[in-house]
Amino acid sequence: MKAPRFKRYTSRQLWFYTRRAFWILVAWVLISNALFFYEYFTLISNGVLSSSFDFQQAFTANLIVGISAGIIGGIVTVNLMERWLRKHAFWKALLYIVIAYVIAALMVSTIGALYFYSEDAGLPFYHPDVIYEVQLFFGTWLFIKNFIVWLVIVIVTLIVLIVNDKYGPGVFPDYLMGRYFMPKSERRIFMFADIRNATGIAEELGEEKYFNFLKDFFRDIAPAIVQTRGEVYQYVGDEVVVSWKMKWGLKNANALQCYYSMKRIIAYKQSRYIKKYGFAPEFKAGYHFGPVMVGEIGQIKREIAFSGDVLNTTARIVSLCNELGVDILASKEFANIAYKTPKGIEKQEVGKEKLRGKAEEMELVTYSGNDL
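Cut-offs and rules
Residues numbered from 1 in each chain as written. Predicted model: local features only at pLDDT ≥ 70, side-chain atom pairs only at ≥ 80, totals over all residues. Heavy atoms only, no water. 1 Å grid on protein atoms, 1.4 Å probe; cavity = no way out; pocket = protein on both sides within 12 Å on 5 of 7 lines; lining within 4 Å. Points joined across faces, edges and corners; volume = space filled by probe spheres on them. Helix = DSSP H or I, 4+ residues; strand = E, 2+ residues; numbered from the N terminus. Nonpolar A, V, L, I, M, F, W, Y, C, P; charged D, E, K, R; others polar. Core = buried A, V, L, I, M, F, W, Y, C linked by side-chain atoms within 4.5 Å. Buried < 20%, exposed > 50% of the residue type's maximum accessible area, 1.4 Å probe, protein only. Contact = heavy atoms within 4.5 Å. Patch = residues over 30% accessible without salt bridge, like charges linked within 9 Å, V, L, I, M, F, W, Y side chains within 5 Å. Areas by Shrake-Rupley, 256 points an atom, 1.4 Å probe, with all protein chains shown as cover. Salt bridge = Lys/Arg side-chain N within 4 Å of Asp/Glu carboxyl O. Lys, Arg positive; Asp, Glu negative; His and termini not counted. Charge placed at Lys NZ, Arg CZ, Asp CG, Glu CD.

**Details of empty space enclosed by the protein**
Applying the stated rule across the entire model yields one cavity of 30 Å³ or more. Computed from the structure, the largest cavity encloses a volume of approximately 30 Å³. The wall of the largest cavity is formed by I189, G249, L250, A253, A255, L256, F334, A338 and K340. Those elements that provide at least two residues to the lining of the largest cavity are α9 (246-250) and α10 (254-268). Residues belonging to the lining of the largest cavity are distributed by class as follows: seven nonpolar, one polar and one charged.

Put into structure tokens, the structure is as follows:
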């Protein structure tokens with residue numbers, strides 16, 4: 001079967017990566033300037049600043065380095081380093097990152113040094129004397145110090161991005177600040193998504209190959225979750241549970257968009273799955289929202305846990321997809337508050353259905369249309 005045709009990256013995805021690269025640029029420029037002024041005022045306070053020091057020249061060179069590092073680092077960090085950490089064994093990803101960093105550091109330092117020594121000597125940047133000074137610069141303590149400092153900055157940036165992806169946007173700062181140390185009540189949106197015919201696929205592939213099948217699936221859909229500001233609560237077998245704070249789940253139809261972005265990614269990689277496993281994953285999803293208790297739990301392994309009837313209800317909703325012959329189901333309560341839907345997607349009433357373990361029937365809706 002021929003995979004549907006669509007853009008490799010949607011405008012939404014491009015905007016996500018552009019925005020993230022922009023904030024890395026801003027952060028790195030601010031850090032670069034902060035380090036510059038710290039050293040500048042330290043030299044002044046100790047009375048060791050040379051009278052020949054040209055503040056404007058030095059600051060401009062520092063700004064060029066900061067902006068160059070932010071642009072190159074933002075693009076490389078987002079599009080290469082983070083991907084390497086996801087796709088390769090840690091030692092191999094670390095090797096790639098070190099090589100990429102050394103190349104980027106040499107490029108950025110060369111740009112800054114060419115400007116500085118060109119201005120200092122009043123010669124064009126391609127003059128042999130300027131190039132000679134730049135070569136000498138790479139053996140100075142200043143270059144070595146900046147190399148180490150920026151290596152730390154790159155590593156910290158990667159850690160923040162990876163941890164932010166693991167817990168979801170905004171969760172890591174909450175975790176650090178102890179916001180969930182004491183349990184608290186929150187209203188949240190939940191999506192349960194699981195693979196169809198998982199048992200049959202597992203029997204066909206065998207344990208090891210099926211595990212890699214799930215690993216590839218969860219890895220491939222991760223960008224859809226991150227880009228819609230979702231938080232992965234847990235993976236349970238062939239199922240992933242995603243949660244949104246109300247604000248982010250409703251904004252731009254993020255919660256629903258997550259499902260359709262997942263479909264788009266899997267459709268794009270369908271031929272790869274078939275070639276590798278003989279199957280392309282098909283999945284169903286259920287949505288509901290409501291109050292939950294959220295807080296840190298566990299002693300040996302601490303994590304943020306949710307508790308409440310909304311989780312059980314969402315699990316029951318997704319289990320009805322097979323019975324009703326649909327790929328996506330949501331409670332009408334959720335559909336009423338999430339009235340904004342992704343472009344090309346329309347809501348359809350399903351009616352009242354009996355949920356397993358529930359005394360009362362619940363009104364459900366499904367969605368139709370093409371968002372690929």
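**Details of the nonpolar core**
Among the nonpolar cores identified, the biggest contains 42 residues, and M191, F213, Y287, F334 and Y367 are the most heavily contacted of them. Excluding its chain neighbours within four sequence positions, the residues that come into contact with Y367 are L256, Y260, I328, A330, F334, A335, T341, I345, E346 and K347. With 20 residues, the next largest nonpolar core counts Y233, F306, I317 and C321 among its residues.

**So, a negative patch on the surface**
A contiguous patch of negative charge, built from D54, E119, D120, D129 and E133, is present on the exposed surface. Looking at the secondary structure, you find E133 in helix α4 (residues 128-137). Exposure remark for E133: the relative accessible area of 34% places this residue in the partly exposed category.

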